[in-house]
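# Residue-level structural notes
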Amino acid sequence: KAAWALAAVILTIVLYIAWTFRKVSKPVPSWGYGLIAIAMLILDILVPTGFYAAYGHFTGAEVDALFVVALLALLGYCVNDVIVIFDRVREHLKKNEEERLNEPFETTVGKSIDETMGRSINTGLTVVLALVALAFLGGEATRHFAIVMIVGVAAGTFSSITRSAPLLIPIAGWITGKKAVK
């Protein structure tokens, strides 16, 4: 059931992103944003899953319903971070088109990351602080949930800033036939 739930969430996310970004098809088509988001979500789920496997090996913690809930919550949290950055890219592309600016796509992506980085870090830090309190002050039942979430939020914040939007550049280069900037 957990695998079906994860698959349903991922499919819904791809459809939502493709629909939301349907009017921004240059230089990256709307499905490109969705594919990048899903690739990042897979990484964002693998990191806490791998951590929890190691953690469980040493502490005896087992996969339970709260672990699955933590992964589903991380999917929602991490995709939000990615969408915020992608949305800023979309806003800049729209503004560039309206003002007839010929700004390189790499510059647009870089500006978008710069503008959202503080927000992403602050949000991630705030969530991690609340989860640390839950891990230390909460009950035994929620401790493992909080630990999985801490690792996932940290990994998700990092990947949304450093990997999601920068991956738009090689995809745009591949689609347009232009070589990506190093």
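Quick notes on the rules
- Residues numbered from 1 in each chain as written.
- Predicted model: local features only at pLDDT ≥ 70, side-chain atom pairs only at ≥ 80, totals over all residues.
- Heavy atoms only, no water.
- pLDDT = per-residue confidence, 0-100.
- Helix = DSSP H or I, 4+ residues; strand = E, 2+ residues; numbered from the N terminus.
- Phe/Tyr/Trp six-rings, centres within 6.5 Å; stacked < 30°, edge-to-face > 60°.
- Buried < 20%, exposed > 50% of the residue type's maximum accessible area, 1.4 Å probe, protein only.
- Core = buried A, V, L, I, M, F, W, Y, C linked by side-chain atoms within 4.5 Å.
- Contact = heavy atoms within 4.5 Å.
- Axes fitted to C-alpha atoms, helices over the stretch in contact; angles between N-to-C directions.
- Parallel < 35°, antiparallel > 145°, perpendicular 65-115°, else oblique.
- Nonpolar A, V, L, I, M, F, W, Y, C, P; charged D, E, K, R; others polar.
- Expected span 1.5 Å × (residues − 1).

## Let's talk about the confidence of the model for the protein
Mean pLDDT over the protein: 87, with 95% of residues reaching 70 or higher. Considering each helix and strand of the protein separately, the mean pLDDT is smallest for helix α6 (residues 168-176), with a value of 76, and largest for helix α4 (residues 105-137), with 94.

## Notes on the packing of aromatic side chains
Considering all chains together, one arrives at 6 aromatic pairs under this definition. Seen from their ring centres, Tyr33 and Phe86 are 5.2 Å apart, and the 75° between their planes marks the pair as edge-to-face. Of this pair, Tyr33 sits in helix α2 (residues 30-59) while Phe86 is found in helix α3 (residues 65-98), placing the two residues 53 residues apart along the sequence. Comparing Tyr33 with Phe86 shows no difference in burial state: the two are buried. On the basis of an interplanar angle of 15° and a centroid distance of 5.9 Å, the ring pair of Phe51 and Tyr55 is categorised as stacked. Taken as a pair, Phe51 and Tyr55 lie in helix α2 at a separation of 4 residues, close to a single helical turn. Assessed through its relative accessible area of 33%, Phe51 is described here as partly exposed.

## With respect to the nonpolar core
Residues Ile17, Tyr33, Phe86, Phe105, Val109 and Leu168 are the most contacted members of the largest nonpolar core, which totals 48 residues. When contributions to this core are tallied by element, the ones reaching two or more residues are α1 (2-20), α2, α3, α4, α5 (140-164) and α6. No other element matches the 14 residues that α3 contributes to this core.

## Remarks on unusual backbone geometry
Even without a glycine there, the phi angle at Arg100 is positive, about 55°. The residue Arg100 is located in the loop between α3 and α4 in this model.

## Points about the environment of Ala135
Note on placement: Ala135 falls in helix α4. By relative accessible area, which is 9% here, Ala135 ends up buried. In this structure, the C-alpha to C-alpha distance between Ala135 and Met149, residues 14 residues apart in sequence, is 9.9 Å. If sequence neighbours within four positions are ignored, Ala135 has contacts with Arg143, Ala146, Ile147 and Ile150.

## Observations regarding the packing of α1 against α3
For the pair α1 and α3, interaxial distance at closest approach is 11 Å and the crossing angle is 10°. When the axes of α1 and α3 are compared, the pair comes out roughly parallel. Taken together, the residues of α3 that come into contact with α1 (itself represented by Ala2, Ala5, Leu6, Val9, Ile13, Tyr16, Ile17 and Thr20) are Val68, Leu71, Leu72, Leu75, Val79, Ile83 and Arg90. Looking at the contact of α1 with α3 residue by residue, the classes come out as 13 nonpolar, 1 polar and 1 charged.

## Quick look at α2
Counted at 1.5 Å a residue, the expected span for α2 with its 30 residues is 44 Å, and the 43 Å between its end C-alpha atoms agrees. Looking at the residues trailing α2, positive phi occurs at Gly60, about 85°.

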